[in-house]
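Structural features, examined
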Amino acid sequence: MPTARQMAFQVLRAVQRGAFADVALDRELRSLAPPLDKPTRAAPASAWEMQREHRLVMELVYGSLRRQRTLDFLIDRLATRNASQQPPDLRLILHLGLYQLTYLSHIPASAAVDTTVELAKTNGFKGLAGFVNGLLRRYARLRERGEPGQARRGELGVPMALPADPVERLGVVHSYPDWIIEVWLAQLGETETECLCQWLNQTPVLDLRINPLRTSLAQVRQALGDRGLTAQPVTIQRGEQSYLLPQALRVVGSGGAIPDLPGFTEGWWLVQDSSAQLVSHLLDPQPGETVIDACAAPGGKATHLAELMQDQGTVWACDRYSSRLRKVKENAQRLGLRSLRLQVGDSRDWPQFAQQADRVLVDAPCSGLGTLHRHADARWRQTPESVQELTQLQGELLNHAATWVKPGGVLVYATCTLHPAENEDIVAQFLANHPTWQLAPPRPPSPLAMLVDPAGWIKLWPHRDQMDGFFMARFTRSHDELTGVHNVSV
């Protein structure tokens, strides 16, 4: 059986060659016996050991990817050849060693060095084992000499000169490309941008959305508690006001694989971050209505809409690929929902939906800057050019989806990014090109009213709200009488 570090290296090499991190990691872990959430009678120690090794593989893979720029910076300072000039596989091996020394305090420095040297020998770099050993030991000595007072908040804690420019400094210390730092600095300033960077480098939490058609918050909390897990309600705070998300539970602790948690098979809940749950409440679908989710896969919001409608009416779940809609169907079946209908194809090409929907959701494909903690490699895949391409798609999707809304209906645009070009600018362009539409934010007594920005949309910042970053805007035509959400429970 390969070691955790060898498995992590193999995953990182697959990502380097174009694979998505979660897909490559899942493939690697499945190549061995599946992890167990409790020991078997036959081999209790080996089962627990396998689970521990799998957790280490995940930590090494996601951590090394997330901290890639910082680790390259260290190689640049410690080696005579920059990280970009190192053999690609050797660079990954150095990443694994430096990541353990920098971020995994529970692993002794000697163990981190020795296992990385062995990794180099095993993977074709026996002749460079001395180089790997020397670089890592030198870095370990620097860390021992480093004093907390030598580094400002959030920095590396080693006596190395950091860039003076705020963009480069934040990018190096927290491991983001400069262009993302620039986008956030323009909105938040340096102090809050640093807080956001730190938050998005944390391990993501697990939020559940409870299915009220099959269970209750209390029943799910009790079932999780019986498994030794704590599940807490989720609240958003704005000054003295607070909003308790009606279906959200945040799970504390590790209970093993998601399908093994109590209530999964019974359809009691779906994994969905709390901020994503707010989108469906903003659309506020009613029983008996026709609702269209223009970009539905994998089905989190489409199934939520059906739950809010008490599974009465029709929810059209649309996606370009039938393979992605299969996940929507699986989720709907597990949750026991019958009101969903699937539509395969490009949402920009469907005239048959013209003025057929009471409510339409455009949860648009985006750069995902609000969910970078969940997708460790996303920060390196997105570029300013890819964002520009996305804004073209987002505008086209929103423009066409607006034609589906009945007179008096509601349209919601949402993304999980924190880039104004994909959010505020899309809203401004839509309103400029559609003078008969206007923003229609929720108003008191709706509890969502407390979240509305003065400009009329809702924007959730992870470091402020302790959940994924999200943007959402609600529209109606200017002659519509409907001006607010009227059926959101607390």
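Residues numbered from 1 in each chain as written. Predicted model: local features only at pLDDT ≥ 70, side-chain atom pairs only at ≥ 80, totals over all residues. Heavy atoms only, no water.

**Some thoughts on the nonpolar core**
We count it as follows: Side-chain atoms within 4.5 Å are what join buried Ala, Val, Leu, Ile, Met, Phe, Trp, Tyr and Cys residues into a set we call a nonpolar core. Summary of the burial criterion: residues with accessible area below 20% of their type's maximum are buried, those above 50% are exposed, and those between are partly exposed, where the area comes from a 1.4 Å probe applied to protein chains only. Comment: elements are numbered from the N terminus, with helices defined as DSSP H or I runs of at least four residues and strands as E runs of at least two. Note on definitions: a residue-residue contact is assigned when non-hydrogen atoms from the two residues lie within 4.5 Å.
Counting 52 residues, the largest nonpolar core has Val61, Leu74, Leu78, Leu98, Tyr139 and Met160 as its most contacted members. Broken down by secondary-structure element, the contributors of at least two residues to this core are α1 (4–16), α2 (21–30), α3 (44–66), α4 (68–78), α5 (88–103), α6 (109–122) and α7 (129–145). The element contributing the most residues to this core is α5, with eight residues. In this structure Leu78 touches Leu98, Leu135, Arg138, Tyr139, Leu142 and Met160, once residues within four positions along its chain are discounted.

**Re the pairing of strand β2 (residues 230–238)**
Within a regular strand, side chains alternate between the sheet's two faces. In plain terms, the rule: Think of it this way: DSSP has to see at least two bridges between two strands before they count as a pair.
Both β2 and strand β3 (residues 241–252) contribute to a ladder of eight bridges, which runs antiparallel. Counterpart to Gln232 in the pairing with β3 is Arg250. Here β2 folds back onto β3 in antiparallel fashion, the turn holding two residues, of which Gly239 has a positive phi close to 60°.

**Thoughts on the pattern of salt bridges**
Just so we agree on the cut-off: What counts as a salt bridge is simple: a side-chain nitrogen of Lys or Arg found within 4 Å of a carboxyl oxygen of Asp or Glu.
Under the defined criterion, the tally for this structure stands at 24 salt bridges. Two residues, Arg324 and Asp319, come together in a salt bridge whose shortest N-O distance is 3.2 Å. Residue class for Arg324 comes out partly exposed when judged on its relative accessible area of 39%.

**Here's the deal with the confidence of the model for the protein**
Quick note on the threshold: Here pLDDT means the predictor's own confidence in every residue, given as a number from 0 to 100.
The predicted model of the protein has a mean per-residue pLDDT of 91, with 92% of residues at 70 or higher. Low confidence marks residues 34–45, where pLDDT is under 50. Its contacts with residues over four positions away, or in another chain, come to 17 contacts. Segment residues 480–490 is flagged for pLDDT under 50; beyond a separation of four residues in sequence, or across chains, it makes 37 contacts in the model.

**Quick notes on the environment of Arg324**
Operational definition: Identification of polar contacts relies on pairs of N or O atoms within 3.5 Å, with a donor-acceptor requirement for protein atoms, meaning one able to donate a hydrogen and the other able to accept it, and with residues adjacent in sequence counted only if both atoms are side-chain atoms.
Along the polypeptide, Arg324 turns up in helix α14 (residues 322–335). Ignoring sequence-local partners within four residues, the contact set of Arg324 consists of Ala297 and Asp319. Engagement of the side chain of Arg324 in a polar contact is seen with the side chain of Asp319, the distance being 3.2 Å.

**So, α7**
To keep things clear, this is the line we draw: A helix is expected to reach a length of 1.5 Å times the quantity of its residues less one. Our arc is simply the arc of the directions from the helix axis toward the C-beta atoms.
Between the first and last C-alpha of α7 there are 25 Å, a value that for 17 residues agrees with the 24 Å anticipated at 1.5 Å per step. By the burial criterion, the buried members of α7 are Ala129, Val132, Leu135, Leu136, Tyr139, Ala140 and Leu142. For α7, the angular spread of buried residues about the axis comes to 165°, placing them on one side. Residues Gly130, Glu144 and Arg145 are exposed on α7 and point more than 90 degrees away from its buried face.

**Quick look at the environment of Val360**
Mapped onto the elements, Val360 comes out in strand β8 (residues 357–363). Separated by 306 residues in the primary sequence, Val360 and His54 place their C-alpha atoms 41 Å from one another. Beyond its immediate sequence surroundings of up to four residues, Val360 is in contact with Leu283, Ile292, Ala401, Trp404, Val405, Val410, Leu411 and Val412.

**Re the packing of aromatic side chains**
Stated formally: Classification of ring pairs uses Phe, Tyr and Trp, with its six-membered ring standing for Trp, and accepts pairs whose centres are within 6.5 Å; under 30 degrees between planes counts as stacked, over 60 as edge-to-face, and the remaining range as tilted.
As enumerated under the stated definition, the model contains ten aromatic pairs in all. Ring centres of Trp350 and Phe353 lie 5.9 Å apart, and the angle between their planes is 90°; this geometry places the pair in the edge-to-face category. The residues Trp350 and Phe353 share a single accessibility class, namely buried. Judged by centre distance (6.2 Å) and plane angle (25°), the ring pair of Trp350 and Trp404 falls under stacked. Taken together, the residues Trp350 in the loop between β7 (340–344) and β8 and Trp404 in the loop between α16 (384–402) and β9 (405–415) connect sequence positions 54 residues apart. For Trp350, a relative accessible area of 7% translates into the label buried.

**Considerations on the sheet that holds β2**
Worth spelling out the cut-off: Every angle, taken between N-to-C directions, lies between 0 and 180 degrees, and every axis is a line fitted to C-alpha atoms, over only the stretch in contact when it is a helix.
The four strands are arranged β2-β3-β1-β4 in an open sheet whose pairing can be described as antiparallel. In this open sheet, the two strands that pair with only one neighbour each are β2 and β4 (269–271). Across the sheet, the mean angle from the axis of one strand to that of its neighbour is 45°, orientation sign disregarded. Looking at chain direction, strand β1 (residues 206–210) and β3 are connected through four bridges and run antiparallel.

**Let's talk about unusual backbone geometry**
Backbone torsion omega between Ala297 and Pro298 reads 5°, so that peptide bond is classified as cis. Of note, Pro298 is situated in the loop between β5 (290–293) and α13 (300–308). The amide bond that connects Pro444 to the next residue, Pro445, takes the cis arrangement and shows omega of 15°. Take Pro445: it is sitting in the loop between β10 (437–439) and β11 (458–460). The backbone phi angle of Ser175 is positive, close to 65°, even though this residue is not glycine. In this structure, Ser175 sits in the loop between α8 (166–174) and α9 (178–188). Phi angles above zero are rare outside glycine, and Asp311 is one such case at about 60°. Mapped onto the elements, Asp311 comes out in the loop between α13 and β6 (314–319).

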